[in-house]
Amino acid sequence: MRAVRLRRGYGAMAVVALAGAVLTGLSGQGHPLASPTSGVTFPLHTRGAVIVDSAGRRVKLNMVNWYGAESPDAVVGGLAYQPVSTIIQQIMAMGFNGVRLPWSDQMWETNPVVAPSLVAANPQFTGEHARTVFNQVVTDLASAGLMVVLDNHTSNWQWCCSETDGNTLWYNSAYPESAWLADWESMARTFKGVPQVIGADLRNEPRGLSSWGGSDPATDWHAAAERGGDAVLGVDPHWLVFVEGINFGLDLAGAGSLPVTLNVPSRLVYSAHDYGFDHTGTTSYDAWVAQIQPQWGYLVGKYPLWLGEFGTCNTSDTCVTSQNTADLGLWFSVFTRYLRYHGLDWSYWPLNGTQSNGLPGQGRTYGAPETYGVLNTAWDSPALPALLGSLQNLQHRCVAG
């Protein structure tokens, strides 16, 4: 997510093949939680405008973002409050079938020891390096049958995103494109053979000087996405490759005339992001559709499309539904109506009940309430039932209309 714009010790990771796993239920509930991908045959690929499994059955992504590993903390949020197993059980109990997991090149390359205070509820991680914790979180998610999309969120660890944060492109002076490609290849090698790791979101919200095509290779995100996607598929040809639009993920207008072409067919999924603050003054469903149609709406039904980020506040029911243009609920009800009607794949931002740290001046403090989060500040139940209910209404696989 962007700011509102004005404008320890684990050996080699085992192959996880537990798509039919059953985990212990939530504390006190006394019933098991079945794998959310039971019946899915991995790997996945695309067919027409949808994602399907190897048997050709539609697989609809109903996911949630779990941030923190891309931040200066270098670890997913919430591990100071709840065991990782409990958080994963919460994800499953709420009906999500996967997680988009942000990471930064700085975390992956420097691999610091995670501060003990950040994993206080998970003593198994005390003294562990960031990559060990990250790998285990991915393994635990996959063992539960949750799909994972790995998201290169930033080069330097920080809260994302602005036009002046030094991470507007897919590279910077500290982490050039060669590092970005090498880190993606390393990531793919690390998780190759874990079928629930379904793909790579190549870069979060290219912006600023980023262009779709053009004569300058230094800013051409379209060409870079092809290089990045081919690098990932060169290691594991079974992954999906998610390519976001430019201008904070809002703009995929160029994809129609200049599509991304990868060396492995049926692996490309376009990804758009959308927030209420991107549509100031939204007054109706039709008005919002008119705004998004030339940007990414025209792709619906023609190309595989994933709404990789969207979110609203969790402080009031008017965050979810409202007739007042001053409330995020007006945009959110319009947006979710569109997702529901078209049966689109999506990933809500975020799961987190509390904030991870940002850099100085970014206004992010570990433990502060995450006012967009699905979970509460204790990470043990939903923050706003109306919000969860709206998301659960999107989880069903419906025929359009």
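What comes next concerns the included structure. All values reported here derive from a predicted model rather than from experimental measurement. (Residues numbered from 1 in each chain as written. Predicted model: local features only at pLDDT ≥ 70, side-chain atom pairs only at ≥ 80, totals over all residues. Heavy atoms only, no water.)

## Re the nonpolar core
Taken as a class, soluble globular proteins show a tendency for nonpolar side chains to be buried jointly. So the rule is basically this: To define a nonpolar core, start from buried Ala, Val, Leu, Ile, Met, Phe, Trp, Tyr and Cys residues and group those joined through side-chain atoms within 4.5 Å. Throughout, exposure labels follow a simple rule: accessible area from a 1.4 Å probe, protein chains only, divided by the maximum for the residue type, with under 20% read as buried, over 50% as exposed, and the rest as partly exposed. Two residues qualify as a contact provided that any one of their heavy atoms is within 4.5 Å of a heavy atom in the partner residue.
Counting 98 residues, the largest nonpolar core has Trp66, Phe134 and Leu150 as the members making the most contacts within it. Not counting chain neighbours up to four residues away, the residues in contact with leucine 150 comprise Leu101, Trp103, Phe134, Val138, Trp184, Met187, Phe191, Val197, Gly199, Ala200, Asp201 and Trp239. In this structure, Ile51, Met63, Met147 and Ile198 belong to the second largest nonpolar core, which totals 14 residues.

## Brief notes about the state of the cysteines
By definition, a disulfide is the covalent link that joins the sulfur atoms of two cysteine residues. To keep it simple, the criterion reads: The disulfide criterion used throughout: a pair of cysteine sulfur atoms within 2.5 Å.
Applying the stated criterion across every chain, the model contains two disulfides. A sulfur-sulfur separation of 1.4 Å characterises the disulfide bridge that pairs cysteine 160 with cysteine 161. Classification of the bridge connecting cysteine 160 and cysteine 161 rests on its S-S torsion, roughly 80 degrees, and on that basis the disulfide is right-handed. The disulfide bridge from cysteine 313 ends at cysteine 319, spanning 2.0 Å between sulfur atoms. Here cysteine 313 and cysteine 319 share a disulfide; its torsion about the S-S bond, -105 degrees, makes the bridge left-handed. Counting its disulfide-bonded cysteines in sequence order, the protein chain shows a connectivity of 1-2, 3-4.

## Quick word on the packing of helix H3 (residues 130-143) against helix H4 (residues 177-191)
Cut-off, in case you're wondering: Only the contacting stretch of a helix is used when fitting its axis, a line to C-alpha atoms as for every element, and angles between N-to-C directions run 0 to 180 degrees. Counting from the N terminus, the helices are the DSSP runs of H or I reaching at least four residues and the strands are the DSSP runs of E reaching at least two. Orientation categories follow fixed angle ranges, with anything under 35 degrees roughly parallel, anything over 145 roughly antiparallel, 65 to 115 roughly perpendicular, and all other angles oblique. Left-handed is the label given to a crossing in which the near helix is rotated counterclockwise from the far helix by less than a right angle, and right-handed is the label when the rotation is clockwise. Throughout this entry, Asp, Glu, Lys and Arg are counted as charged residues, while Ala, Val, Leu, Ile, Met, Phe, Trp, Tyr, Cys and Pro are counted as nonpolar. The remaining residues, Gly among them, count as polar.
The N-to-C vectors of H3 and H4 enclose an angle of 50 degrees; their axes lie 11 Å apart at closest approach. Overall, the two elements H3 and H4 adopt an arrangement that is oblique. Along this stretch, H3 crosses H4, giving a crossing that reads as right-handed. Residue-level contacts link Arg131, Phe134, Asn135 and Val138 of H3 to Ser186, Met187, Thr190 and Phe191 of H4. Broken down by class, the residue content of the contact of H3 with H4 amounts to four nonpolar, three polar and one charged.

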